[in-house]
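Below, each chain spelled out in residue letters.
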Amino acid sequence: MNPPINEMMQSQIQIEDDRTGLSIETLRRAMADNLFYILGKYPAIANNKDYYMALAYTVRDRLLHRWLNTYEAYMKPEVKIVCYLSAEFLVGPHLANNLINLGIYDQIRQAVQESGLNLQELINTEEEPGLGNGGLGRLAACYMESLATLEVPAIGYGIRYEFGIFDQEIREGWQVEITDKWLQDGNPWEIIRPESEVYINFGGRTEPYQDDQGNYRVRWIPEYVVKGIAYDTPILGYKVNTANTLRLWKGEACESFNFQRFNVGDYYGAVDTKVYSENLTKVLYPNDEPVQGKELRLQQQYFFVSCALQDMIRIHLTESENLDNFGDKFAAQLNDTHPSIGVAELMRLLIDVHHYSWDQAWDITQKTFAYTNHTLLPEALEKWPLSIFGRLLPRHLEIIYEINRRFLDQVRMKYPGNNEKLSCLSLIDDRGEKYIRMANLATVGSHKVNGVAALHSELVKKTILRDFYEFWPEKFTNVTNGVTPRRWMVVSNPRLSELITSRIGDNWIKNLDELRRLEQFVDDGHFRYQWREVKWGVKQDLANYIEDKLGIKVSPDTLFDVQVKRIHEYKRQHLNVLQIITLYNRIKHNPNLDFTPRTCIFGGKAAPGYYMAKLIIKLINSVAEVVNKDPDVRDRLKVVFLPDYNVTLGQRVYPAADLSEQISTAGKEASGTGNMKFSLNGALTIGTYDGANIEIRQEVGEENFFLFGLKTEDIDQLRAKGYNPWDYYYNNPELKSTLDLISSGFFSHGDCELFRPLVDSLLHSDPFFLFADYQSYLECQDRVSQAYKDQEYWTKMSILNVARMGKFSSDRSIKEYCENIWYAKPVPIEMKDYVQADA
Ligand SMILES: [N-]=[N+]=N[C@]1([C@H](N)O)O[C@H](CO)[C@@H](O)[C@H](O)[C@H]1O
């Protein structure tokens, strides 16, 4: 017999309080309940991983109301949703960030403490989802967090790789890649959505036919079909009710087991479609920039994009008759060309499945899509051989031909008889083996194209997309990258955040321009003292981590000179090493040299197939081995390579830096985002006139930025008149002795061959102009050493750097995308109780 209503409501409210209450007692009980009922453990047999999971579920309970209220609010036809299509989302660990964005960090810390546990230890047990390579993937994550904090409806669409970016181990100085089993202990932050399944075709052929109304149509008869299943992760805004969704797709077999095959003993055949389908989303391609034209990569791209577009159409048709206003409901951003097949896929879905005319479909497509370019590197511009493309996506090839035919008709109109223009603008590169140019497809199919920093966007218009810019100047714009201050300041650097808040309140966390108010305290000696104390404390933490992980003793009294980012020749980690060897030589030649003690810290993964990048890692570790134990150096110079650099380690490193190395060859780093994270944590930048360095210098003031090196125009002139690295080698004794020391085998136990490929590449071609910038860099580093001696002066520059970095919040970037590209507006979420909630 059911209990009387109010008793039921009472127990319901009780349950509700248990699952959303924030009193310390309720939180403690919730953790204990989850440990028992979800993890099936009791304290005596539980470890930190179990407690972490129990806590994660406790926190998840306290965001579900926001999440479901947000989801429901977006289902209204008038609500425009931003869909961020990205092959990478480098979200980082969730727990600490969710506690900060829910505003419950202190309650949870107390509840965990009263349970006899340590919150930071539980936070450190979380395995981060490494679903990205570097800047592009992390930018997508910062943007998703800012979209939620600004209460802009958004869905992030991507791939749920079973194995993310490899874990990096360093063995005898060499990088070794370890499979990233991030899911092995389960993932409490995602919810599977079986009802979201969609079907994705591959291969086969197309067939024209006439439908019942006599319309000519085309059907696609695929060779095989894969099922796409969505896994949703909530993306919380900071202290708002909004919780947007990151919807990542996993490939599954339509039929996971074929009994007929099994019955005839064909055991592999019985599961091959299962293996094939799941392989699709098995692993992330570990290349940051250079593309690998592997068929599986194109399959991955088409898979998640088709899942996303079918899902968007399903959402639209739950509230609208047809897809006429699809471009008003959704703004789909192409995060580089990786999802650009979406242009042809939306055309296919609109024409073949929903029977729109070509022109109607094309209007909807161009209105829906916008494209962000993230790199100028020629080897990073995706182009697919027609052979692979046509075999895998026969219908899309037909559609791309038709898009191209109609587009080139327009081009002929504007440039009659100009075949050069036609072949430059064509979606098809038909010189030699034919290719589909994905950047051209993305540009033609989008209403807006943007670069990621002012210089980069100008170079996009002047170089790789020049002809398109001349054809459609109004399409091109810039949105300089940004980073979220929640993860990169509040979560990563609580001590600095508290010091800032103690002086200007905490509005800066949601309105980063407020940091400017710190300027009034730059002449306050006590504030500068507090500023240095915070930095010293964080440096001590990193020093402890380095000793614990690597057994290397470094002192927080030294200048922490840090370069962390993917290893790539254009990022010039090897120029930094040349500088270190030069400093070492100076000490060796004059041990009593007046030397500002320095700890040079590196971190970053090299793409497994990128030999030169791996050799650079080996060189860094080899130089470290010699310098760190050389008695003449007397600990005044230390070199450290931090293994397995990722978001979690970044959160340790950015707050601890004094000097941020942003030394790419001018014109090569589209933007950089690490540069912003360092500066927001009080590090001063030594950098070239490249990417967002330029805008950081403009904001913080030239006097608070250590600029060196050639600008893009200088590099172009040098290249034009013929650049001979040997000239620099013979005319600069310090450079020569530095190179000669490497060639002599001094850092490789006498093996002169080990680093020859690197030395030869520099002496014979030096494609990234290290020699040309070497002297300017060394002199700039001397200025840094001088400046660091005057700690009051350095602290003033550090405070001014933070105070003037407001522009580089990803909130500002998202506001620009909303105003100039997506035409999307905030939709504040009213919290409705699904059951009596007292959160
Ligand atoms: N691909 N890609 N490009 C990059 C980074 N490597 O991920 O995108 C990042 C995000 O836009 C940029 O900051 C960076 O300069 C650029 O090289």
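Residues numbered from 1 in each chain as written. Predicted model: local features only at pLDDT ≥ 70, side-chain atom pairs only at ≥ 80, totals over all residues. Heavy atoms only, no water.

1. Looking at the site of the ligand
Near the ligand you find 13 residues, and of these Leu-136, Glu-289, His-374, Glu-669 and Gly-672 are the closest. Backbone polar atom of Gly-135 to an oxygen atom of the ligand: 3.4 Å apart, as the coordinates give it. Between the ligand and the protein, one listed contact pairs an oxygen atom with a side-chain N or O atom of Asn-481 at 2.8 Å. Relative to its unbound accessible area of 380 Å², the ligand is 96% covered by the protein chains. Partitioning the shell around the ligand into residue classes produces 5 nonpolar, 5 polar and 3 charged. For the shell around the ligand, the two domains that each supply at least three residues are domain 1 (77–93 + 128–481) and domain 2 (492–709 + 770–806). (Near = heavy atom within 4 Å. Polar contact = N/O pair within 3.5 Å; in protein donor to acceptor, adjacent residues only side chain to side chain. Areas by Shrake-Rupley, 256 points an atom, 1.4 Å probe, with all protein chains shown as cover. Nonpolar A, V, L, I, M, F, W, Y, C, P; charged D, E, K, R; others polar. Domains from an automatic or database assignment.)

2. Some remarks on helix H3 (residues 48–61)
Taking 1.5 Å as the rise per residue, H3 with 14 residues should run 20 Å; its terminal C-alpha atoms sit 20 Å apart, in good agreement. Every buried residue belonging to H3 is among Asp-50, Tyr-51, Tyr-52, Met-53, Ala-54, Leu-55, Ala-56, Tyr-57, Thr-58, Val-59, Arg-60 and Asp-61, and all of these are buried. The N-terminus of H3 is capped by Asn-47, whose side-chain oxygen sits 2.9 Å from the backbone nitrogen of Lys-49. (Helix = DSSP H or I, 4+ residues; strand = E, 2+ residues; numbered from the N terminus. Expected span 1.5 Å × (residues − 1). Buried < 20%, exposed > 50% of the residue type's maximum accessible area, 1.4 Å probe, protein only.)

3. What about the state of the cysteines?
Enumeration according to the criterion identifies 0 disulfides in this entry. Cys-307 carries a free sulfur, and the closest cysteine sulfur to it, the one in Cys-254, is 11 Å from it. (Disulfide = S-S within 2.5 Å.)

4. As for the sheet that holds strand E18 (residues 598–603)
In space, the 6 strands of this open sheet follow the order E19-E18-E17-E20-E21-E22, with parallel pairing throughout. Pairing within the sheet leaves two strands with one partner each, and these edge strands are strand E19 (637–642) and strand E22 (706–707). Pairing of E18 with E19, which is carried by 6 bridges, proceeds in the parallel orientation. In the strand pairing of E19, Phe-602 is matched with Phe-641. The sheet contacts of helix H25 (residues 611–628) involve E18 and E19, and relative to E19 the element is tilted by about 145 degrees. (Pairing = 2+ DSSP bridges. Contact = heavy atoms within 4.5 Å. Axes fitted to C-alpha atoms, helices over the stretch in contact; angles between N-to-C directions.)

5. Details of the UniProt feature "modified residue: N6-(pyridoxal phosphate)lysine" (unreviewed entry) in the protein chain
In this numbering, the UniProt entry assigns the feature "modified residue: N6-(pyridoxal phosphate)lysine" (unreviewed entry) to Lys-677. Counting through the fold element by element, Lys-677 comes out in helix H27 (residues 674–680). Overall, Lys-677 belongs to the buried group, its relative accessible area being 4%. Aside from chain neighbours lying at most four places away, what touches Lys-677 is Arg-138, Val-483, Trp-488 and Tyr-654. (UniProt positions renumbered as here; feature names shortened; annotations may be inferred.)

6. Some points on the pairing of strand E9 (residues 243–253)
With 10 of 11 residues buried, E9 lies mostly within the body of the structure. Across 5 bridges, the pairing between strand E2 (residues 154–159) and E9 is parallel. When the bridges of E9 are listed, Ile-155 appears paired with Thr-245. The sheet contact formed by strand E8 (residues 224–236) and E9 spans 11 bridges and is antiparallel. Its bridge partner lying in E9, Ile-235 is registered against Asn-244.

7. A short note on the domain arrangement of the protein chain
According to the domain assignment, the protein chain contains domain 1 (77–93 + 128–481) and domain 2 (492–709 + 770–806). Here the C-alpha centre of domain 2 lies 36 Å away from the C-alpha centre of domain 1. Contacts between domain 1 and domain 2 engage 40 residues on the former and 40 residues on the latter. Both faces considered, domain 1 and domain 2 share a buried interface measuring about 3,000 Å² in area, 59% of it formed by carbon and sulfur atoms. For the domain 1 face of the interface with domain 2, the top three residues by lost area are Gln-168, Trp-174 and Tyr-238, together amounting to 19%. Inspection of the domain 1/domain 2 interface yields 1 salt bridge. Linking domain 1 to domain 2 there are 16 residue pairs in polar contact (both at pLDDT 80 or more). Of all the elements in the fold, those that place two or more residues in the side of domain 1 that touches domain 2 are helix H8 (135–149), strand E3 (167–171), strand E4 (174–178) and helix H19 (454–462). (Buried area = accessible area lost by both parts, 1.4 Å probe. Salt bridge = Lys/Arg side-chain N within 4 Å of Asp/Glu carboxyl O.)

8. Here's the deal with the packing of aromatic side chains
According to the stated counting rule, one finds 33 aromatic pairs in the structure shown. Judged by centre distance (5.4 Å) and plane angle (90 degrees), the ring pair of Trp-488 and Tyr-654 falls under edge-to-face. A residue pair is termed long-range when its members are at least 10 positions apart, and Trp-488 in helix H21 (residues 485–491) and Tyr-654 in the loop between helix H26 (647–653) and strand E20 (659–662) qualify at 166 residues. In this arrangement the basic side chain of Arg-193 is found over the ring face of Trp-67, its NZ or CZ atom lying 5.5 Å from the centre. (Phe/Tyr/Trp six-rings, centres within 6.5 Å; stacked < 30°, edge-to-face > 60°. Lys NZ or Arg CZ within 6 Å of the ring centre and 35° of its normal.)

9. Overview of the pattern of salt bridges
Tallied over the full model, the rule gives 65 salt bridges. With its nearest N and O atoms 2.9 Å apart, the salt bridge here joins Glu-145 to Arg-486. Here Glu-145, found in helix H8, pairs with Arg-486, found in helix H21; they are 341 residues apart in sequence, far enough to count as distant. As far as burial versus exposure is concerned, Glu-145 and Arg-486 are alike and both buried. With a closest N to O distance of 2.6 Å, Glu-402 and Arg-406 form a salt bridge. In this pair, Glu-402 and Arg-406 both sit in helix H16 (residues 394–414), 4 residues apart, roughly one turn of the helix. A single network of salt bridges, built from pairs that share partners, joins Asp-359, Glu-402, Arg-405, Arg-406, Asp-409 and Arg-412.

10. Comments concerning helix H35 (residues 810–822)
With 13 residues, H35 ought to run about 18 Å at 1.5 Å a step, yet its terminal C-alpha atoms sit only 15 Å apart, falling short of that. All of the buried residues along H35 are Ser-810, Asp-811, Arg-812, Ser-813, Ile-814, Tyr-817, Cys-818, Ile-821 and Trp-822.

11. Quick word on the sheet that holds strand E14 (residues 435–437)
Strands sit in the order E12-E14-E13 across an open sheet of 3 strands; the sheet is antiparallel. Only two strands of the sheet have a single neighbouring strand rather than two, namely strand E12 (383–385) and strand E13 (428–429). Of the strand pairs in this sheet, E12 and E14 are connected by 3 bridges, and their pairing is antiparallel. When the sheet's bridge partners are listed, Pro-385 is paired in E14 with Tyr-435.

12. As for unusual backbone geometry
Although it is not a glycine, Asp-336 sits at a positive phi angle of roughly 70 degrees. One non-glycine residue, Arg-572, adopts positive backbone phi at about 60 degrees. Tracing the chain through its elements places Arg-572 in the loop between strand E17 (559–564) and helix H24 (573–589).

13. Topic: the environment of Tyr-74
Position of Tyr-74 among the secondary structure elements: in helix H4 (residues 64–74). Its relative accessible area of 4% is what places Tyr-74 among the buried residues. Separated by 170 residues in sequence, Tyr-74 and Asn-244 place their C-alpha atoms 9.6 Å apart. If we ignore the near neighbours within four places in the chain, the residues touching Tyr-74 are Val-79, Ile-81, Val-152, Pro-153, Ala-154, Thr-242, Asn-244, Glu-319, Lys-329 and Ile-829. A distance of 2.5 Å separates a polar atom in the side chain of Tyr-74 from a polar atom in the side chain of Asn-244.

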